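Survey of secondary and tertiary structure
Here is what each chain is made of, one letter per residue.
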Amino acid sequence: MSTIVVFLEAKGSEVKRSSLEAITAAQGIAGGGSVVGIIVGGTSANVEKTGEYGLHSCSIATHSLLNNYSLTAVAATVAQFAQSVGASNVIFPATVTGKELAPRVAIKLQAGFIPDCVALDVQNGSVIATRPVYSGKAKITVKITTDIGVYSLRPNVFTARTINGASPVQIKDFAPNLSNDDVKVTVSNIVRNEGTLDVSEADIIVSGGRGLKGPENYHLIESLGKVLGAAIGASRAVVDAGWRPHGEQVGQTGKTVSPNLYIACGISGAVQHLAGMSSSKVIVAINKDKDAPIFKVADYGIVGDVFDVLPKLTAKLTH
Amino acid sequence: MNILVCISQVPDTTTKIAVGTDGKTIDKTGVKFILNPYDEFTIEEGLRLREKFGGTVTALTIGGESSKEILRTALAMGVDKAVFVKDEAKDDSYSIAVNIADVANSMSPDVIVVGRQSIDYDSFGMASMVGELLGMASISVVSSLSIEGTSVTAERDVEGGKEIVQASLPCVISAQKGLNDPRYPKLPDIMKAKSKPIEERASVVSTSRVQTLAMELPLSKRVGKILGDSDSDIAELVRLLHEEAKVI
Ligand SMILES: Cc1cc2nc3c(=O)[nH]c(=O)nc-3n(C[C@H](O)[C@H](O)[C@H](O)COP(=O)(O)OP(=O)(O)OC[C@H]3O[C@@H](n4cnc5c(N)ncnc54)[C@H](O)[C@@H]3O)c2cc1C
Ligand SMILES: Nc1ncnc2c1ncn2[C@@H]1O[C@H](COP(=O)(O)O)[C@@H](O)[C@H]1O
């Protein structure tokens, strides 16, 4: 029976939700095979939790050369692990880390690679992946033709599901065989944007565009964001004008997001913006122009002035 | 410094996409093709490295005959050499990576610059693939780069912040917006670029590792409920988000 490897990431003491989603997606294509996880570095994360999602075993890879994150050393570790368990498929969450790591592992395993999948199915015994192309204007179904397949999954598209009566996950150690030559790149520092929730990790995003007229009015977006516990996003027009930092930009040149709720305020809905957010589960648009293209992708729309609507909406939600 | 910049030709972002008769790729009739917007940063970074360290910048594209046009753009912006590898199979980034690695092997670059993504297949993976094929370091989505001697320091955008990454030359990087401000080619340079030589190389045949079965346009057009801006409309929106969409 085939074994599917899932690359797991932790944030502090929690296994990231995108990793749990990958476990569920792997279950969906595993047939009777088992799904096993690999997590790298001296993690303090609560990996027991992965058992509730059906993970059979979770291997914690440790090595002195893994103490500092190194793309190339981690790629070597994951590839060695996949080989050691005879993996048929290796699945990564398409996070910033997963996107950079998966292609390296694919080359090491001489495996085909399909990035940014939004669906995984099995047809006649083969895994069929669906992925958006051309900025989400089209999607393709793709099949891997090599023995091993590597996939990365767009976060927040698959739903992580716990399995009733799942047996506890077996926690194992994995000792990769690494040398200094495997450490070609290292992360020397991570600078956190203190206090702000990042759009790529948020369940709810409130985004503002040029309709806000100036940076001084962004407090309208921030107040709504605050009552919803949302991250703040921006269109490129607003970032280019210097009203908001680049890290908040959603769209083709910015971040790709698929939150449960995306509220676009004073954003026209240019294709490049839609490329970054059209896979959101629920989209609300607030725009004074009833013909703005953003309404074409919206589930709910308010035709109105943001200066009038945002304070009212915030007040309603506060109660 | 020996610099290789890899660029791709893509449909203009505003192009309406239609599925071609093969049911697997787009219908190219009437589609305007442009230089991948990220590869403006790619070329610019190559030129800036040459301005700082001297050396030569070679631009490379793999594609159909028409993609030579973007090499003309690169020449007009100021690259020294242009290399064209003819290969139409654009849906397989692995075979593109193999071709990039092959050209790189023949010229031993110190730095290879690619774009963060090409806006047709949005694969994001080229820097990692080429790096792995060549046994080189790679850093993706770079928004700031500094090189001193052989040591490379780069900043890359990650969820909720920035990562500072260290590597040594030779190294592959993928360019993110913010890395630089691309120059516009001047008219006389555009004219001169028309007659500059473009070296043609044969494609390294590699078996594709993926197979596209079908392409379709997303069917799920959302049927939105459009409301006004009265107090009762806003109350209705809140109710819908609570009770129908159940997202708050
Ligand atoms: C290669 C390339 C990449 C790009 N990448 C991105 C990207 O990643 N992300 C991105 O967002 N864009 C991107 N763009 C830019 C994109 O084409 C648009 O220019 C941009 O998204 C427009 O931003 P906007 O909607 O805020 O502004 P506008 O298009 O100016 O729209 C403002 C909207 O606000 C509405 N409005 C005005 N006043 C009010 C009011 N008082 N109340 C309510 N509504 C009001 C208007 O009706 C209008 O619809 C890219 C472009 C290119 C060429
Ligand atoms: N056909 C190609 N020829 C040369 N370089 C390419 C080609 N396709 C992609 N690239 C490079 O790889 C980068 C990322 O592309 P991708 O991984 O396809 O999203 C692009 O910005 C280019 O620098």
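Described in the following lines is the structure provided in the data block. (Residues numbered from 1 in each chain as written. Chains lettered and ligands numbered in written order. Predicted model: local features only at pLDDT ≥ 70, side-chain atom pairs only at ≥ 80, totals over all residues. Heavy atoms only, no water.)

**Some remarks on the site of ligand 2**
All names here are of chain B. Inspection of the region around ligand 2 gives 20 residues, with Cys-6, Asp-39, Ile-62, Gly-115 and Ser-118 positioned closest. Between ligand 2 and Ile-62, the relevant distance is 2.6 Å, taken from a nitrogen atom to a main-chain nitrogen or oxygen of the residue. Here Ser-123 contributes a backbone N or O atom positioned 2.9 Å from an oxygen atom of ligand 2. Protein coverage of the free-state accessible area of ligand 2, which is 480 Å², stands at 98%. Placement of ligand 2 is best described as lying within the largest cavity. Among the secondary structure elements, those contributing two or more residues to the shell around ligand 2 are β4 (56-63), α3 (93-107) and β6 (111-115). A per-element tally of the shell around ligand 2 places β4 first, with 3 residues. Residue composition of the shell around ligand 2, by class: 9 nonpolar, 8 polar and 3 charged. (Near = heavy atom within 4 Å. Polar contact = N/O pair within 3.5 Å; in protein donor to acceptor, adjacent residues only side chain to side chain. Areas by Shrake-Rupley, 256 points an atom, 1.4 Å probe, with all protein chains shown as cover. 1 Å grid on protein atoms, 1.4 Å probe; cavity = no way out; pocket = protein on both sides within 12 Å on 5 of 7 lines; lining within 4 Å. Sits in = over half its atoms within 2 Å of the grid points. Helix = DSSP H or I, 4+ residues; strand = E, 2+ residues; numbered from the N terminus. Nonpolar A, V, L, I, M, F, W, Y, C, P; charged D, E, K, R; others polar.)

**Details of the layout of surface pockets**
Think of a ball as big as a water molecule: rolled over the atoms, this probe shows where empty space is left. Residues and elements named next belong to chain A. Its volume calculated, the second largest pocket comes out at about 730 Å³. Glu-9, Ala-10, Tyr-69, Thr-97 and Ile-190 are the residues nearest the centre of the second largest pocket, which is lined by 26 residues in total. Secondary-structure elements contributing two or more residues to the lining of the second largest pocket are β1 (3-8), β2 (10-11), β4 (34-40) and β13 (185-192). With 3 residues, β13 is the largest single contributor of residues to the lining of the second largest pocket. Its residues assigned to classes, the lining of the second largest pocket comprises 11 nonpolar, 8 polar and 7 charged. (Points joined across faces, edges and corners; volume = space filled by probe spheres on them.)

**Some points on unusual backbone geometry**
A cis amide bond links Leu-169 of chain B with the next residue in sequence, Pro-170 of chain B, at an omega value of -5°. Here Pro-170 of chain B shows up in the loop between β9 (161-168) and β10 (171-175). Not every positive phi belongs to a glycine, and Gln-110 of chain A is a case in point at roughly 50°. Considering the arrangement of structural elements, one finds Gln-110 of chain A in the loop between α3 (96-108) and β7 (112-117). Positioned with a positive phi, Asn-124 of chain A is a non-glycine residue whose angle comes to about 45°. For Asn-124 of chain A, the location among the structural elements is in the loop between β8 (119-123) and β9 (126-133). Assessed through its relative accessible area of 83%, Asn-124 of chain A is described here as exposed. (Buried < 20%, exposed > 50% of the residue type's maximum accessible area, 1.4 Å probe, protein only.)

**Points about the pairing of β10 of chain B**
Consecutive residues of a regular strand have side chains that alternate between opposite faces of the sheet. Residues and elements named next belong to chain B. Burial runs high along β10: 5 of the 5 residues are buried. Side chains Cys-171, Ile-173 and Ala-175 project from β10 onto one buried face, and the interleaved Val-172 and Ser-174 project onto a second face that is buried too. Sheet topology places β6 next to β10; 5 bridges connect them, and they run parallel. When the bridges of β10 are listed, Val-111 appears paired with Cys-171. With 4 bridges connecting them, strand β7 (residues 137-148) and β10 associate as parallel partners. Looking at β10, one finds that Ser-138 is bridged to Val-172. (Pairing = 2+ DSSP bridges.)

**Considerations on the side chain of Ser-280 of chain A**
Mapped onto the secondary structure, Ser-280 of chain A falls in the loop between α6 (271-277) and β17 (282-287). From its side chain, Ser-280 of chain A meets the backbone oxygen of Met-277 of chain A in a polar contact 2.6 Å long. When near neighbours in sequence (up to four residues on either side) are disregarded, Ser-280 of chain A contacts Val-257, Ser-258, Pro-259 and Tyr-262 of chain A together with Arg-222 of chain B. (Contact = heavy atoms within 4.5 Å.)

**Some points on empty space enclosed by the protein**
Applying the stated rule across the entire model yields 3 cavities of 30 Å³ or more. Taken as a whole, the largest cavity holds about 500 Å³ of empty space. Taken together, 41 residues line the largest cavity, and the ones lying closest to its centre are Ser-93, Ile-96, Ser-118, Ser-123 and Met-126 of chain B. At the level of secondary structure, the elements contributing two or more residues to the lining of the largest cavity comprise α3, β7 and β10 (138-144) of chain A together with β4, α3, β6, α4 (126-134) and β12 (210-216) of chain B. Partitioned by chemical class, the residues of the lining of the largest cavity number 21 nonpolar, 11 polar and 9 charged.

**Let's talk about a nonpolar patch on the surface**
Residues and elements named next belong to chain B. Together, Leu-187, Ile-190 and Met-191 make up an exposed nonpolar region whose accessible area comes to about 290 Å². By secondary structure assignment, the location of Ile-190 is in helix α5 (residues 187-193). Ile-190 sits in the partly exposed class, given a relative accessible area of 32%. (Patch = residues over 30% accessible without salt bridge, like charges linked within 9 Å, V, L, I, M, F, W, Y side chains within 5 Å. Salt bridge = Lys/Arg side-chain N within 4 Å of Asp/Glu carboxyl O.)

**Details of the site of ligand 1**
Around ligand 1, a shell composed of 27 residues is seen, among which Lys-213, Ser-235, Thr-253, Ser-268 and Gln-272 of chain A lie nearest. At the site occupied by ligand 1, nearby residues are drawn from chains A and B. Note that a nitrogen atom of ligand 1 is positioned 2.9 Å from one of the backbone N or O atoms of Val-250 of chain A. Within the contact set of ligand 1, a nitrogen atom lies 2.4 Å away from a side-chain nitrogen or oxygen of Thr-253 of chain A. Protein coverage of the free-state accessible area of ligand 1, which is 990 Å², stands at 80%. Contributing elements (two or more residues each) for the shell around ligand 1: α5 (236-240), α6 and α8 (306-318) of chain A. Here the shell around ligand 1 is composed, by residue class, of 7 nonpolar, 14 polar and 6 charged.

**Here's the deal with the sheet that holds β7 of chain A**
Residues and elements named next belong to chain A. Pairing is parallel across the open sheet formed by 7 strands, whose spatial order is β7-β11-β6-β1-β4-β5-β12. Only two strands of the sheet have a single neighbouring strand rather than two, namely β7 and β12 (170-174). Across the sheet, the mean angle separating the axes of adjacent strands is 25° when strand polarity is ignored. The sheet contact formed by β1 and strand β6 (residues 87-93) spans 4 bridges and is parallel. Following the sheet pairing, Val-6 is matched in β6 by Ile-91. Sheet strands in contact with α3 are β1, β6, β7 and β11 (149-153), and its direction is about 160° off that of β6. (Axes fitted to C-alpha atoms, helices over the stretch in contact; angles between N-to-C directions.)

**Here's the deal with helix α6 (residues 231-244) of chain B**
The terminal C-alpha atoms of α6 of chain B lie 19 Å apart, and with 14 residues this matches the ideal 20 Å at 1.5 Å per residue to within 8%. By the burial criterion, the buried members of α6 of chain B are Asp-233, Ile-234, Leu-237, Val-238, Leu-240 and Leu-241 of chain B. Buried residues in α6 of chain B, looked at end-on, bunch into an arc of 155°, giving them a common side. Against the buried residues of α6 of chain B lie β16 (261-265), β17, β18 (300-303) and α8 of chain A together with β13 (225-227) of chain B. (Expected span 1.5 Å × (residues − 1). Arc of directions from axis to C-beta.)

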